[in-house]
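Coordinates in review
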Amino acid sequence: MRTLLLLLLISCSFKGKDESKGISAFSADSDGDFVSDGEEIEQGRNPNQAELPNFEFKFIRNFKLKSGEDLILEANEVDPNAQAKVSSPEIKESLKRSIGKFAGLESITYEALDFNGFHKIKFPELSMMDLMKLKSIEADSVDLEFDNFIKLSRINYYDSIKNPELVFYYYNHDLESLEEIDRVVIEREFLLGSNETFSINLSAVPVVLIKENLLKRGEFLYVEIADYEIPNLTTNFQTLMRSILESTVPLVVSTPVKTDVYYVAAAREIRFIDLLKEAFGESVRIEDNKLIQVNEISNNLGAYESLSELRGEHKKGKWFIQSSQVKTDLYESSFSVGDVVALSYLTGDELSRIVRDKNAFEFTLDSEELNKEQDLGDISKNSTVYLKLDTTLRNRDWVNSINYSIGPDWGGYKEFLYHEVRLNKQALVASHSEVASRIHLEINNTSKSLVEILKDQRIIALEVDGNLILEINNLHDILGATEGELDHLKIKVTENSTVQSVGMHHVVTSGWAAGRPGTHRDEAICTNVGRAIDARVGYYVDVSGYCSERRPHHNMLGAVLKPEHSRRNVRLKDQIIQSFQILKVNYWN
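This section reports on the structure supplied with the text. (Residues numbered from 1 in each chain as written. Predicted model: local features only at pLDDT ≥ 70, side-chain atom pairs only at ≥ 80, totals over all residues. Heavy atoms only, no water.)

The next subject is the pattern of salt bridges. Taken as a whole and assessed by the stated rule, the structure comprises 31 salt bridges. Among the ionic pairs, Lys 58 bridges to Glu 56, the shortest N-O distance being 3.6 Å. In this structure, the salt-bridge partner of Arg 97 is Glu 90, at a minimum N-O distance of 2.6 Å. A relative accessible area of 37% places Arg 97 in the partly exposed class. According to the relative accessible area criterion, Glu 90 is buried, its value standing at 8%. Three or more residues joined by partner-sharing salt bridges are found here, namely Asp 33, Glu 40, Arg 45 and Glu 51. (Salt bridge = Lys/Arg side-chain N within 4 Å of Asp/Glu carboxyl O. Buried < 20%, exposed > 50% of the residue type's maximum accessible area, 1.4 Å probe, protein only.)

Right under this line is the structure:
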């Protein structure tokens, strides 16, 4: 088992001695914390519960991202409310992920768990709606500066810790593992009761952390307090922890308020019920082989069929039990050194928001190309979808590009227009009615256009810098889609077109020219009636760009209209080129 993260400990009353090794109760060290049982009793401590330096580590959301000397992002640009958020132990997130697999069951449930990595702290996630307002970062190398603080609690038997070594990680979604970024030693002594703030500078941070984790998923860093010196014991954390784990069974207790670890002495083995009593005394209530209450927190969550029903239920919850070994009869089972037991109390709202999987996508759909739809995989009624839409409209239309008039020449006059197809490129917000009617979300062959979806008051919609940003929590209901065994979310764009006559277009012929043969034809522009060059009249019409040849003959300029400029019907398309950035968060049902 890897070393355990130091978390907040609570002192309780415990039993008095252990003579199993033939050592006097006074000199024995039942819990392996390098303080004898006798000394702990004299100090008012419990010899059957190991105590570590009790400190709080927090991330102060005051970060800057730099590329060389260029500032590319700082904290005040994202989620101003995040300042109040506090780092949480990764073990709490790990327990919740495991509970999500079976939390729909009515009874208290447990399963075998792998507790590797639960000594790490997860930095708070940032708001996706705020992060989607930001532009992409193009830098190849990023430096990260941020502030933290450590506070050694006054409920403590240690005066200080020194020189903590911090290891920083990010989660690599491709490899599905934590990747180490850097190790930093803070050369400082942290004294009892003081708030010590310090800055961290990480150089050459992998850009994938910023582009794939922070900007697409709101995820930031993990930190592990790998080691530190303990002056009171003239030892270090790693050495002390190895000794404690050789003598105790860790009991992890996680509630919405905090996460604690109790290291309970187990000379040989300890029954589950005794483990709870050692940690909480008589403040534990078990009825009909169910854990009902620990301290003042008790089960009060009613029956439910799916976790999505529990959204918004902040005041009612239930206890879950997990262990490193599956026990057939948990309440009569025993645990020994090497085992880990966890109790988690989750509110209904927490249960409904346990993430099953999280997927980030970036892609472009073109209404004129083959890729007119994108399958985003499975989605449930208990899912949240974040969308950022960057819309470009390429509009093909005709314009009167050139007006040809020939005359007056002895009373004759002719006029032609060339209707030319031109491509106009225009950036639009996706909520623009014409565009929104051509973007569709679909689940199980049930779809609605974006213009219909935007009418729903339950979604959150923002327009920022020409982009539309959406947060949708109830897409099944909004679309009116029936939930199936395997639901898929698709996004589609559709085309729009009109038919227009383009090319050379005869407008009017008057005077003597009106009686000339062929003057009403569009091609007559290439057989101009009149003198090609006439000093008295002073005009010359150059139609070489539209006519294939020129044959001077008497008063006529003979030529043939090029085929591409002949009058014809053309299908003109309004082409949507729609770029999407999407985060799809599926919660357990």
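Structure's up, so let's keep going.
In this section: helix α4 (residues 207–217). For α4, the tally of buried residues reaches eight of eleven residues, placing the bulk of the element in the interior. Among all positions of α4, only Val 207, Leu 209, Ile 210, Asn 213, Leu 214, Leu 215, Lys 216 and Arg 217 are buried. Just beyond α4, the residue with positive phi is Gly 218, at close to 80 degrees. (Helix = DSSP H or I, 4+ residues; strand = E, 2+ residues; numbered from the N terminus.)

So, about the layout of surface pockets. Roughly 300 Å³ of internal volume is contained in the second largest pocket. Along its surface, the second largest pocket is lined by 16 residues, and Ser 136, Lys 388, Asp 390, Asn 467 and Gln 581 are the ones closest to its centre. Counting residues per element, the ones that place at least two in the lining of the second largest pocket are β22 (355–366), β24 (383–409), β29 (467–472) and β35 (568–587). The leading source of residues in the lining of the second largest pocket is β35, at three residues. Looking at side-chain class alone, the lining of the second largest pocket contains six nonpolar, four polar and six charged residues. (1 Å grid on protein atoms, 1.4 Å probe; cavity = no way out; pocket = protein on both sides within 12 Å on 5 of 7 lines; lining within 4 Å. Points joined across faces, edges and corners; volume = space filled by probe spheres on them. Nonpolar A, V, L, I, M, F, W, Y, C, P; charged D, E, K, R; others polar.)

Within the open sheet, the five strands sit side by side as β1-β14-β13-β21-β19. Their pairing is mixed. Since the sheet does not close on itself, it has two edges, and those belong to β1 (49–50) and β19 (317–323), each with one partner. Where β1 meets strand β14 (residues 259–265), two bridges bridge the pair, whose relative direction is antiparallel. The partner of Gln 49 across the bridge, within β14, is Val 264. In this fold helix α2 (residues 90–100) packs onto β13 (248–254), β14, β19 and β21 (341–347), with an angle of close to 75 degrees to the strand it touches most, β21. (Pairing = 2+ DSSP bridges. Contact = heavy atoms within 4.5 Å. Axes fitted to C-alpha atoms, helices over the stretch in contact; angles between N-to-C directions.)

What follows is about unusual backbone geometry. The residue Phe 34 is not glycine, and still its phi comes out positive at about 70 degrees. When its relative accessible area of 38% is taken as the criterion, Phe 34 is described as partly exposed. The residue Asp 465 is not glycine, and still its phi comes out positive at about 50 degrees. Assignment of secondary structure puts Asp 465 in the loop between β28 (460–464) and β29.

Quick look at the side chain of Ser 243 now. Note that Ser 243 resides in helix α5 (residues 237–245). Looking at Ser 243, the relative accessible area reads 15%, which means it is buried. Looking at Ser 243, its side chain comes within polar contact range of the main-chain oxygen of Gly 32, at 2.6 Å. Not counting the four nearest positions on each side in its chain, Ser 243 is found in contact with Gly 32 and Phe 34. (Polar contact = N/O pair within 3.5 Å; in protein donor to acceptor, adjacent residues only side chain to side chain.)

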